[in-house]
Amino acid sequence: MKAQTRRRVFVISVGAVVVAALAYGFLPKPVAVDVAKASRGPLRVTVEEEGRTRVRDRFVLSAPVAGYLRRIELQAGDMVKKGAQVALLEPLRSTVLDPRSKAGAEAAVAAARATLEAAKEKARAAVADADYARDHEARMRQLSTSGYIAQSDLDQAVTESRKAEAMRLSADAAVLAAKADLEQAESVLGYSAAEHSGPSGKTVVVCAPASGRVLKLHRESEGVVAAAEPLIDIGNPGSLEVKVEVLSADAVKLHPGSAVLFERWGGDKPLQGRVRVVEPSGFTKISSLGVEEQRVNVIVDLTSPPELWKQLGDGYRLDTTFIIWESKDVLQVPESALFRKGDGWALFIVADRRAKLTPVEVGRRNGIAAEIVKGLSEGVVVVTNPDDNIRDGGRVTVRNAK
């Protein structure tokens, strides 16, 4: 009897263990979570972009006319005084005649010479006609005085004499025009670049409009330049400003006087600045990913002592941080702990190894931390990066505490 009792107890015990194991297996397991504590400390909301330095008063000297530029002897960094000569332009050189063009020019010279000879012959004929008309007029005047001809005959003789004189003057003018045409045709041959390669004529001097340093040489070697082509940039590198291209959505948060920090510019310490101008018009720019962005130029003045940034020059790169808002004592949590709940925000806090859904009111955010205005107290442990496995009241196990 005792053996049967022991067997019964053993079977019941094994069954209980199996049932307990099955029950334990179906129980929900704790969710491993990362946590952090709500703490008080400084919080700063910023906009970060890349900026470029530029000289505030920059003068771009360009060619006033098309011409042949002599080599510019200045180098980048050289000092120039106001009114000093920086470039010299000569008249454009003649072209080189190829065999076909040369043959055409020689034919034009021959045609012009023949035209001149024809004009001279016409001038001789006109002189002869004028002399005859003048003598005829004199004879008719003598006959009219003696009363042998009528007054109308004398008037006709005077008219013919004047016409002949006019034809003579016209013929002389035609000779002069033919000579000019011949000279023009001969100039094509006589002023070919292959025959006359040296400078000729007057030169145009380009002077510095202000004292400063040479910032950039657009053109150093001699050669042909077009009118308005830039030649040299002059400015004062000690008077720098920073131009930053900011997204229009961020530009509306900035205003003149906003604080700016410049980091990773090459120096040991960050530089400070102030926004001077937020330009009123934007422009479209294609990002490196091929996305169209609407951007706005923001001009920033450097407020740090010049001794700290004297090594900066024109066109240097700076990482720019615009300070939109900051406070030294803010209750905050990692922004990754927040998620949307209806029209507001919420997060999970950890209490007694269980997650508790807690609505909160959020203030400023900077992408890393968020200000908690209401609904949370300092020191409370919150879940960071919560996923769909976490439920209100569910068990959790801490994986990594911050």
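Reading the values: the criteria
- Residues numbered from 1 in each chain as written.
- Predicted model: local features only at pLDDT ≥ 70, side-chain atom pairs only at ≥ 80, totals over all residues.
- Heavy atoms only, no water.
- Helix = DSSP H or I, 4+ residues; strand = E, 2+ residues; numbered from the N terminus.
- Rg over C-alpha atoms; globule rule 2.2 N^0.38 Å.
- Buried < 20%, exposed > 50% of the residue type's maximum accessible area, 1.4 Å probe, protein only.
- Contact = heavy atoms within 4.5 Å.
- Areas by Shrake-Rupley, 256 points an atom, 1.4 Å probe, with all protein chains shown as cover.
- Lys, Arg positive; Asp, Glu negative; His and termini not counted.
- Charge placed at Lys NZ, Arg CZ, Asp CG, Glu CD.
- Phe/Tyr/Trp six-rings, centres within 6.5 Å; stacked < 30°, edge-to-face > 60°.
- Core = buried A, V, L, I, M, F, W, Y, C linked by side-chain atoms within 4.5 Å.
- Expected span 1.5 Å × (residues − 1).
- Pairing = 2+ DSSP bridges.
- Axes fitted to C-alpha atoms, helices over the stretch in contact; angles between N-to-C directions.
- Salt bridge = Lys/Arg side-chain N within 4 Å of Asp/Glu carboxyl O.
- Polar contact = N/O pair within 3.5 Å; in protein donor to acceptor, adjacent residues only side chain to side chain.

(A) Spotlight on the overall build of the protein chain. Per the secondary structure count, the protein chain includes 4 helices and 21 strands. Relative to the compact-globule value of 21 Å for 402 residues, the protein chain shows a C-alpha radius of gyration of 48 Å, a clear excess of over 25%. Per-residue burial over the protein chain gives 32% buried out of 402 residues. Relative to all contacts within the protein chain whose residues are 6 or more apart in sequence, the contacts with residues 24 or more apart total 76%. Accessible surface, the protein chain as shown: approximately 25,300 Å² in total, 53% of it carbon and sulfur. Side-chain charges in the protein chain split into 57 positive and 52 negative, and the spacing between the mean points of these groups amounts to 15 Å.

(B) Representation of the packing of aromatic side chains. For the coordinates displayed, the defined rule picks out 1 aromatic pair. Taking the centre distance of 5.4 Å and the plane angle of 35° together, the rings of Phe339 and Phe348 count as tilted. Classification of Phe339 by relative accessible area gives partly exposed; the value is 21%.

(C) Broad picture of the nonpolar core. In terms of nonpolar packing, the biggest core is built from 22 residues, with Val246, Phe262, Val300 and Phe322 touching the most fellow members. Mapped by element, the contributors of at least two residues to this core are strand E2 (39-55), strand E11 (240-247), strand E12 (259-263), strand E13 (271-286), strand E14 (292-302) and strand E15 (317-334). Once residues within four sequence positions are removed from consideration, Val300 is found in contact with Glu241, Val242, Val244, Val260, Phe262, Gly273, Arg274, Val275, Arg276 and Phe322.

(D) Structural detail: helix H2 (residues 99-146). Taking 1.5 Å as the rise per residue, H2 with 48 residues should run 70 Å; its terminal C-alpha atoms sit 71 Å apart, in good agreement. Taken as a whole, H2 has its buried residues at Ala105, Val109, Ala112, Leu116, Ala119, Ala123, Ala126, Ala130, Ala133, Glu137, Met140 and Ser144. Considering only its buried residues, H2 is in contact with helix H3 (151-190). Residue Gly147 follows H2 closely and has a positive phi angle near 85°.

(E) Region of the structure containing the sheet that holds strand E4 (residues 67-69). Judged by pairing direction, the sheet is antiparallel, and its 4 strands sit side by side in the order E7-E6-E4-E9 without closing on themselves. The sheet is open, and its two edges are formed by strand E7 (204-207) and strand E9 (223-225), each paired on a single side. Strand-to-strand twist in this sheet, taken as the mean axis angle between neighbours without regard to direction, amounts to 40°. Alignment of strand E6 (residues 85-90) against E7, held across 4 bridges, turns out to be antiparallel.

(F) Representation of the side chain of Ser258 within the structure. Along the polypeptide, Ser258 turns up in the loop between helix H4 (248-251) and E12. Residue classification places Ser258 among the buried positions, given a relative accessible area of 7%. When neighbours within four sequence positions are excluded, Ser258 is seen to be in contact with Gly273, Arg274 and Val275.

(G) Main features of H3. Here H3 spans 58 Å end to end across 40 residues, near enough to the 58 Å set by a 1.5 Å rise per residue. Buried within H3 are the following residues: Leu154, Ala157, Val158, Ser161, Ala164, Ala171, Val175, Ala178, Leu182 and Ala185. If you follow the buried residues of H3, they end up packed against H2.

(H) View of the pattern of salt bridges. The final tally for this structure, using the stated rule, is 28 salt bridges. With its nearest N and O atoms 3.3 Å apart, the salt bridge here joins Glu220 to Arg71. Here the residue Glu220 occupies a position in the loop between strand E8 (212-217) and E9, and Arg71 occupies one in the loop between E4 and strand E5 (79-80), the gap between them amounting to 149 residues. Look at Glu220 and you get partly exposed, because its relative accessible area is 28%. Looking at Arg71, the relative accessible area reads 43%, which means it is partly exposed. With its nearest N and O atoms 2.4 Å apart, the salt bridge here joins Arg168 to Glu165. Here the residue Arg168 and the residue Glu165 both occupy positions in helix H3, the gap between them amounting to 3 residues, near one helical turn. Accessibility expressed as a relative area gives 27% for Glu165, which makes it partly exposed. Each member of the salt-bridge network shares a partner with another, and the members are Glu50, Arg52, Arg264, Arg317 and Asp319.

(I) Just the sheet that holds strand E3 (residues 58-62), in detail. The strand order across the open sheet built from 4 strands is E3-E10-E8-E5, with neighbouring strands paired in antiparallel fashion. Edge positions in the sheet fall to E3 and E5, since each of these pairs with one other strand and no more. Where E5 lies against E8, 2 bridges are found, and the strand directions are antiparallel. When the sheet's bridge partners are listed, Met79 is paired in E8 with Arg213.

(J) Examining the environment of Asp78 more closely. Relative to the helices and strands, Asp78 is located in the loop between E4 and E5. A C-alpha to C-alpha distance of 5.4 Å links Asp78 and Val214, two positions 136 residues apart in sequence. Here Asp78 is in contact with Gly212, Arg213 and Val214, once residues within four sequence places are set aside. Here the side chain of Asp78 touches Gln75 through a polar contact of 2.8 Å, landing on its backbone nitrogen.

(K) The arrangement of the environment of Trp345 in detail. Structurally, the position occupied by Trp345 is in strand E17 (residues 344-351). Expressed as a C-alpha distance, the spacing of Trp345 and His218, which sit 127 residues apart in the sequence, is 57 Å. Residues contacting Trp345, with those up to four places away along its chain left out, are Leu338, Phe339, Arg340, Pro359, Val360, Val362 and Arg365.

(L) Structural context of the pairing of strand E19 (residues 369-374). Pairing between E15 and E19: 3 bridges, direction antiparallel. Pairing of Gln332 across the sheet is with Glu371, part of E19. Across 3 bridges, strand E18 (residues 354-365) lies against E19 in antiparallel orientation. Across the sheet, Arg365 pairs through a bridge with Ala370, a residue of E19. Counting the residues between successive antiparallel strands, the hairpin from E18 to E19 contains 3 residues, one of them, Gly367, with a positive phi of roughly 95°.

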